[in-house]
Amino acid sequence: MSINIKKILHQHNLKHTKQREAILKVLAKQKAPISVEELYDLLRQQAQTMNLSTLYRSVETFSEHGIIEKIFSSITNTNLIQLQSRHHQHYLVCINCHKMIPIDYCPMDELLGYIESNFHFKVIDHQLEISGYCDTCQP
Ligand SMILES: [Zn+2]
Ligand SMILES: [Zn+2]
């Protein structure tokens, strides 16, 4: 995903700093959500000096502005973050290595009409995680 970081920060009235730029750059490269700790490790590999509490604060700011979204994985019991996705996605979660594989298929679209007409229920959101073993972890 290629994103214009300067433009995003400007749109949200956030000051452009090297650290903020580095955080968003790393997140833009991820294909699946990661934890703040993983993000911290990736930043350190790039010799970005920032402490974990600063990183948590930045993540919080980005989250308040809707630049990143927080995801809770009930399968691995972890809090994860990713750039706010422009399209809706679900994940296959490996219960061994905790890898998350994004899938573009959403079965909910077909269910929505059924739910709304039979239960008179207005669906606004849903979550779906599928657990199992990834290619490398299959016994
Ligand atoms: Zn695996
Ligand atoms: Zn869906």
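Residues numbered from 1 in each chain as written. Chains lettered and ligands numbered in written order. Predicted model: local features only at pLDDT ≥ 70, side-chain atom pairs only at ≥ 80, totals over all residues. Heavy atoms only, no water.

Among the residues of helix H3 (residues 36-45), Val36, Leu39, Tyr40 and Leu43 are the ones counted as buried. One side of H3 carries all its buried residues, which in axial view fall inside an arc of 105°. At the exit of H3 stands Ala47, carrying a positive phi of roughly 60°. (Buried < 20%, exposed > 50% of the residue type's maximum accessible area, 1.4 Å probe, protein only. Helix = DSSP H or I, 4+ residues; strand = E, 2+ residues; numbered from the N terminus. Arc of directions from axis to C-beta.)

Another point: the domain arrangement of the chain. Split into domains, the chain comes out as domain 1 (1-84) and domain 2 (87-139). The centre of domain 1, based on its C-alpha atoms, is set 23 Å off from the matching centre of domain 2. Contacts between the two partners involve 10 residues from domain 1, matched on the other side by nine residues from domain 2. Buried surface at the junction of domain 1 and domain 2, summed over both partners, amounts to about 730 Å²; 68% is from carbon and sulfur atoms. Linking domain 1 with domain 2 are zero salt bridges, by the criterion used here. Where domain 1 packs against domain 2, one counts four residue pairs in polar contact (both at pLDDT 80 or more). Elements with a contribution of two residues or more to the side of domain 1 that touches domain 2: strand E1 (68-73) and strand E2 (78-83). In the side of domain 1 that touches domain 2, the residues fall into five nonpolar, four polar and one charged. (Domains from an automatic or database assignment. Contact = heavy atoms within 4.5 Å. Buried area = accessible area lost by both parts, 1.4 Å probe. Salt bridge = Lys/Arg side-chain N within 4 Å of Asp/Glu carboxyl O. Polar contact = N/O pair within 3.5 Å; in protein donor to acceptor, adjacent residues only side chain to side chain. Nonpolar A, V, L, I, M, F, W, Y, C, P; charged D, E, K, R; others polar.)

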